[in-house]
Amino acid sequence: MIIALAVNPRASFGRGRRAGNEAANLFRAAGADVVLLCEESYAALARAVEKALASGVDALVVVGGDGMVHLGVNALAGSGMPYGAVPLGIVPTGTGNDMARALGVPAHDLPGACAGVLKALAAGGRLIDAGRVSAEGMSCWFAGVLSAGFDAAVNERANAWRWPRGKARYNLAMLRELASFRPIDYTVTADGESWRQGAMLISVANGQSIGGGMKIAPDAVLDDGYLDLFIVGPLSRAGLLKVFPKVFSGGHLGHPAVQIRRVRKVELSADKVVAYADGERIGPLPLTIEVVPGAVRVLA
């Protein structure tokens with residue numbers, strides 16, 4: 001059994017490399033051959049993963065947060081991809097771990113996560129859907145949620161800062177963004193139906209949560225062949241601040257500004273709006289997002 005173990009050395013603020021070594025030791029103790037992949041940049045790690053897959057492995061396991069899941073899904077997703085039969089395991093050590101949470105993988109528990117990967121590998125794992133994003137000259141995949149609006153703008157601002165670390169940086173960026181944020185004028189086409197939509201944010205969800213547990217689409221299912229289109233209509237700053245905390249419990253459902261509908265394909269267009277998916281920057285709108293059922297096999 002050969003496992004390619006891809007590690008984000010910057011996960012958990014520099015503790016990722018140590019977590020990767022610990023995970024490698026646990027898999028080796030269970031009898032696996034481990035190809036440990038640890039590069040200083042995301043792009044270099046993606047290339048190393050591609051090379052390892054080409055050499056032949058039984059599983060790709062990522063150590064880190066949702067960004068590492070994003071890397072793994074983009075390496076493996078789609079039945080037409082050359083490595084579509086290779087399953088993806090997750091050892092969550094990031095700050096958000098939303099996909100691990102959706103799959104029931106224990107976060108910050110290396111022995112538990114590694115044991116779960118090995119058990120699922122023996123059983124064959126499970127197929128889940130993925131979102132495929134396309135624009136002119138670009139195509140990529142996401143496992144959890146794609147967002148374009150207020151939360152993506154907060155991500156954009158937070159990623160430009162080196163301090164503070166962790167959720168404090170996100171929270172501070174949210175307050176700074178809130179001071180100048182205005183509703184966005186979108187054009188939305190969902191399963192062939194088009195309309196203009198004023199909104200604070202629009203997300204397209206395969207998973208349930210973003211940002212470390214914000215349950216924007218609490219009823220989303222990873223393998224139902226649908227995406228959940230989540231829209232927060234125009235709100236005042238005070239109104240947005242009132243709704244936003246409720247997202248952690250799912251208490252935002254039923255608010256008059258909140259809409260959720262199940263879709264298979266969505267086209268989003270708006271001026272000067274950047275989308276993020278699984279916490280990673282995708283690029284500016286317009287984008288087309290569609291569900292691909294059973295696109296990736298996960299070890300969970």
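Further up the page is the structure itself.
The following refers to the structure shown. Each chain has its residues counted from 1, following the order in which its sequence is written. Note on the predicted model: pLDDT of at least 70 is required for a residue's local features to be given, and 80 or more for side-chain atom pairs to be given and counted; whole-chain, interface and lining totals, by contrast, use all residues. Each side-chain value is worked out from all heavy atoms of the structure, with water and hydrogens disregarded.

1. Quick look at the nonpolar core
Side chains that are nonpolar tend, in soluble globular proteins, to be buried together.
Then, in step 1: What makes a nonpolar core is a set of buried Ala, Val, Leu, Ile, Met, Phe, Trp, Tyr and Cys residues whose side-chain atoms join them at distances within 4.5 Å. Relative accessibility decides the category of a residue: with a 1.4 Å probe and only protein chains considered, values under 20% of the type maximum give buried, values over 50% give exposed, and everything between is partly exposed. Of all hydrophobic cores here, the largest spans 55 residues; its most connected members are Phe150, Leu229, Leu285 and Ile289.
Then, in step 2: Think of it this way: any DSSP run of H or I at least four residues long counts as a helix, any run of E at least two long counts as a strand, and we number them from the N terminus. When residues in this core are grouped by element, the largest group, five residues, is from strand 11 (residues 227-232).

2. Notes on the pairing of strand 14 (residues 274-277)
Then, in step 1: Taking every second residue as pointing to the same face, both faces of strand 14 are buried, with Val274 and Tyr276 on one and Ala275 and Ala277 on the other.
Then, in step 2: Here, a strand pair is defined by DSSP locating no fewer than two bridges between the strands. Note that strand 7 (residues 145-149) and strand 14 share three bridges and pair antiparallel. Note that in strand 14 the partner of Leu146 across the bridge is Ala277.
Then, in step 3: Sheet topology places strand 14 next to strand 15 (residues 280-284); four bridges connect them, and they run antiparallel. By the bridge assignment, Ala275 is partnered in strand 15 with Gly283.

3. With respect to the packing of helix 2 (residues 42-55) against helix 3 (residues 66-76)
Then, in step 1: Axis angles are defined between N-to-C directions and span 0 to 180 degrees, where every axis is a line fitted to C-alpha atoms and, for a helix, only to the segment in contact. Where helix 2 contacts helix 3, the axes come no closer than 10 Å and their chain directions differ by 40°. In terms of orientation, helix 2 lies oblique with respect to helix 3. As for how helix 2 packs across helix 3, the hand of that crossing is right-handed. When helix 2 is examined against helix 3, the residues Tyr42, Leu45, Ala46, Val49 and Leu53 are found in contact with a partner set consisting of Gly67, Met68, His70, Leu71, Ala75 and Leu76. An angle counts as roughly parallel when it lies under 35 degrees, as roughly antiparallel when it exceeds 145, as roughly perpendicular when it falls between 65 and 115, and as oblique in every other case. The sense of a crossing depends on the near helix, which, turned anticlockwise from the far helix by less than a right angle, makes the crossing left-handed and, turned clockwise, makes it right-handed. Whether two residues touch is decided by their heavy atoms; if any such pair falls within 4.5 Å, the residues are in contact.

4. Regarding the pattern of salt bridges
Then, in step 1: Any Lys or Arg side-chain nitrogen located within 4 Å of an Asp or Glu carboxyl oxygen qualifies as a salt bridge. Across all of its chains, the model carries seven salt bridges by this definition.
Then, in step 2: A salt bridge links Asp223 to Arg126; its shortest N-O distance comes to 3.3 Å. Taken together, the residues span a long stretch of sequence, with Asp223 in the loop between strand 10 (201-205) and strand 11 and Arg126 in strand 5 (residues 126-135) at a distance of 97 residues.
Then, in step 3: Overall, Asp223 belongs to the partly exposed group, its relative accessible area being 40%.

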